[in-house]
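Below, each chain spelled out in residue letters.
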Amino acid sequence: MLTAVNRTNAEALFPRLGGAPVPAAAQSPAPRLRQSAQRAGARLFFRLVPPGAR
């Protein structure tokens, strides 16, 4: 269903854009994985460092 929302339904609404290739960033899960790792690192940092030391 998510594919339909992101791709199929969008192509129906904007047919002239339907032939455009999907950007490489949208195909790869790397950006989401990187952001998830950064957030996990920030949460760990704020748990380990006392509020007065920041």
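Small disclaimer: the values here were computed from a predicted structure and weren't measured. The numbering scheme is per chain: residues are counted from 1 as the chain's sequence reads. In keeping with the predicted nature of the model, local features appear solely for residues at pLDDT of at least 70, side-chain atom pairs appear and are counted solely at 80 or more, and the whole-chain, interface and lining totals rest on all residues. In computing side-chain properties, one takes all heavy atoms of the structure into account and sets aside hydrogens as well as water.

Quick look at the confidence of the model for the protein chain
- Confidence along the protein chain averages 81 in pLDDT terms, with 83% of residues attaining 70 or more.
- Per-element averaging of pLDDT across the protein chain places helix α2 (residues 24–27) at the bottom with 60 and helix α3 (residues 30–48) at the top with 92. What pLDDT reports is the predictor's confidence in each residue, on a scale of 0 through 100. Here a helix means four or more residues in a row that DSSP labels H or I, a strand means two or more in a row labelled E, and each is numbered from the N terminus.

Focus on a nonpolar patch on the surface
- Note on patches: the residues involved have over 30% relative accessible area and no salt bridge, like charges join within 9 Å, and the nonpolar side chains Val, Leu, Ile, Met, Phe, Trp and Tyr join within 5 Å. In short, Shrake-Rupley with a 1.4 Å probe defines the accessible areas, and a residue's cover is counted only from the protein chains shown. The term salt bridge refers to a pairing of a side-chain nitrogen on Lys or Arg with a carboxyl oxygen on Asp or Glu at a separation within 4 Å. A cluster of nonpolar side chains, namely M1, L2 and V5, defines an oily patch on the protein surface of about 400 Å² accessible area.
- Locating L2 in the fold gives a position in helix α1 (residues 2–13).

Some remarks on the packing of aromatic side chains
- The pairing test for Phe, Tyr and Trp rings, Trp by its six-membered ring, is centres within 6.5 Å, and the orientation test on the planes gives stacked under 30 degrees, edge-to-face over 60, and tilted for anything in between. Evaluated as defined, the whole model comprises one aromatic pair.
- With centroids separated by 5.2 Å and ring planes inclined at 80°, the aromatic side chains of F45 and F46 adopt a geometry described as edge-to-face.
- Owing to a relative accessible area of 42%, F45 belongs among the partly exposed residues under this scheme.
- The exposure class assigned to F46 is partly exposed, which follows from its relative accessible area of 45%. Exposed residues in this analysis have more than 50% of their type's maximum accessible area, buried residues have under 20%, and partly exposed residues fall in between, with area computed by a 1.4 Å probe over protein chains only.

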